[in-house]
Amino acid sequence: MSIEISNDYGQIDISNDVIAQIAGGAATECYGVVGMASKHQIRDGLTEILRKENYAKGVIVRQEGEDLHIDMYIIVSYGTKISEVAYQVQSKVKYTINKTLGLNVKSVNIFVQGVRVMNGE
């Protein structure tokens, strides 16, 4: 699936994988996020932290009419306040998608899949 935008010059199709990559990149920049997790933990492996090229496995993008909904599966750092980390991810993803693609995000749902101790701490 993709998001379709029409303007005076023609039509633009933005793949859901592109939106997922941008959302995943924005999420991993937030303090307290160790990485992205797979939305299919049992099939893909319980302990896997997704690499940058696989962020789309941890993000679901849904379009309902004009509304864009994003579900994200993250792993947070041990010792951080999970609710605050999730809020920061929601804000950053919403802002980044809006500024990068010009799309309004109706909701960003965060699913914390695990807590990890960061190396070196």
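Everything that follows concerns the structure shown earlier in this document.
Residues numbered from 1 in each chain as written. Predicted model: local features only at pLDDT ≥ 70, side-chain atom pairs only at ≥ 80, totals over all residues. Heavy atoms only, no water.

**What to know about the overall build of the protein chain**
Next, step 1: Summing up its helical and strand segments, the protein chain has 3 helices and 6 strands in all.
Next, step 2: Secondary structure of the protein chain in N-to-C order comes out as β-β-α-β-α-β-β-α-β.
Next, step 3: For the protein chain, the residues scored as buried account for 37% of the 121 residues in total.
Next, step 4: Of the contacts made within the protein chain by residues no fewer than 6 positions apart, 62% connect residues no fewer than 24 positions apart.
Next, step 5: Working note: accessible area of the protein chain is about 7,400 Å², and carbon and sulfur atoms make up 48% of it. (Helix = DSSP H or I, 4+ residues; strand = E, 2+ residues; numbered from the N terminus. Buried < 20%, exposed > 50% of the residue type's maximum accessible area, 1.4 Å probe, protein only. Contact = heavy atoms within 4.5 Å. Areas by Shrake-Rupley, 256 points an atom, 1.4 Å probe, with all protein chains shown as cover.)

**A short note on the pairing of strand 1 (residues 2-7)**
Next, step 1: Direction of pairing for strand 1 relative to strand 2 (residues 10-15): antiparallel, over a ladder of 6 bridges. What sits directly across from isoleucine 5, in strand 2, is isoleucine 12.
Next, step 2: Joining the antiparallel neighbours strand 1 and strand 2 is a turn of 2 residues. (Pairing = 2+ DSSP bridges.)

**Description of the packing of helix 1 (residues 16-28) against helix 3 (residues 82-101)**
Next, step 1: Packing of helix 1 against helix 3 brings their axes to within 9 Å, and their N-to-C directions diverge by 135°. Between helix 1 and helix 3, the angle falls in the class oblique. For the crossing formed where helix 1 meets helix 3, the hand is right-handed. Across from Ile19, Ile22, Ala23, Ala26 and Ala27 in helix 1, the residues of helix 3 making contact are Val89, Lys92, Val93, Thr96, Ile97, Thr100 and Leu101.
Next, step 2: Grouping the amino acids of the contact of helix 1 with helix 3 by side-chain chemistry returns 9 nonpolar, 2 polar and 1 charged. (Axes fitted to C-alpha atoms, helices over the stretch in contact; angles between N-to-C directions. Parallel < 35°, antiparallel > 145°, perpendicular 65-115°, else oblique. Left-handed = near helix turned anticlockwise from the far one by under 90°. Nonpolar A, V, L, I, M, F, W, Y, C, P; charged D, E, K, R; others polar.)

**Observations concerning helix 1**
Next, step 1: The end-to-end C-alpha separation of helix 1 is 18 Å, in line with the 18 Å expected for 13 residues at 1.5 Å each.
Next, step 2: Residues of helix 1 that are buried include every one of Asn16, Ile19, Ala20, Ala23, Gly24, Gly25, Ala26 and Ala27, and no others.
Next, step 3: At its buried positions, helix 1 is contacted by strand 1, strand 2, strand 3 (33-36), strand 4 (59-64), strand 5 (67-77) and helix 3.
Next, step 4: Near the N-terminus of helix 1, the side chain that reaches the backbone nitrogen of aspartate 17, with its oxygen 3.1 Å away, is that of serine 15. (Expected span 1.5 Å × (residues − 1). Polar contact = N/O pair within 3.5 Å; in protein donor to acceptor, adjacent residues only side chain to side chain.)

**Examining a nonpolar patch on the surface**
Next, step 1: A cluster of nonpolar side chains, Tyr78, Ile82, Val112, Val115 and Val117, forms an exposed patch at the surface whose accessible area comes to about 460 Å².
Next, step 2: Along the chain, valine 117 turns up in the segment after strand 6 (105-116). (Patch = residues over 30% accessible without salt bridge, like charges linked within 9 Å, V, L, I, M, F, W, Y side chains within 5 Å. Salt bridge = Lys/Arg side-chain N within 4 Å of Asp/Glu carboxyl O.)

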